[in-house]
Amino acid sequence: MPADLSAEDAKLVTLARAARARTRATEGAAVRDSDGRTYAACTVQLDTVLLSALQLAVAMAVSSGVKGIEAAALVTDAGPEAVDVEVVRYFGGAALPVVVADGNGEVRDVVHT
């Protein structure tokens, strides 16, 4: 992890990696709410349903009654330019950091909503 990545953001990357690895999903994601609680999820791809890992992690947070999101992480093989952070922006607001890492946990970029 880069030296400038906070311990809390590094934890999000670890949770996202674990979520992805458990099911061998395309992506894993984790979000931290405004109270410091974390929610991790992976991509869900069924015949009739497709949810990105970020969408599901945010949905889990919302269904738990959180008031806001302060950060997110996404583990994916896609490049940072392909990352869709709209769901994080919609629920959490502008300028939230989304750490984008590869499957090994190496941070490739931090994009903002």
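Residues numbered from 1 in each chain as written. Predicted model: local features only at pLDDT ≥ 70, side-chain atom pairs only at ≥ 80, totals over all residues. Heavy atoms only, no water.

> So, the side chain of Glu 27: which residues are in play, and what are the values?
Mapping Glu 27 onto the fold places it in the loop between helix 1 (7–23) and strand 1 (28–33). Excluding anything up to four places from it in sequence, Glu 27 contacts Arg 20, Ala 41, Cys 42, Thr 43, Ser 52, Ala 53, Leu 74, Val 75 and Thr 76. (Helix = DSSP H or I, 4+ residues; strand = E, 2+ residues; numbered from the N terminus. Contact = heavy atoms within 4.5 Å.)

> Which residues make up the pattern of salt bridges, and what values go with them?
Applying the stated criterion to the full structure yields six salt bridges. Here Arg 32 and Asp 9 are joined by a salt bridge, their closest N and O atoms 3.0 Å apart. Of this pair, Arg 32 sits in strand 1 while Asp 9 is found in helix 1, placing the two residues 23 residues apart along the sequence. With relative accessibility at 8%, the residue Arg 32 sits in the buried group. By relative accessible area, which is 13% here, Asp 9 ends up buried. A salt bridge links Asp 77 to Arg 20; its shortest N-O distance comes to 2.7 Å. Taken as a pair, Asp 77 in the loop between strand 5 (69–75) and helix 3 (86–92) and Arg 20 in helix 1 lie far apart in primary sequence, 57 residues in all. Under the relative-accessibility criterion, Asp 77 is labelled exposed at 59%. Classification of Arg 20 as buried rests on a relative accessible area of 14%. Where salt bridges share partners, they join Asp 9, Arg 32 and Glu 70 into one cluster. (Salt bridge = Lys/Arg side-chain N within 4 Å of Asp/Glu carboxyl O. Buried < 20%, exposed > 50% of the residue type's maximum accessible area, 1.4 Å probe, protein only.)

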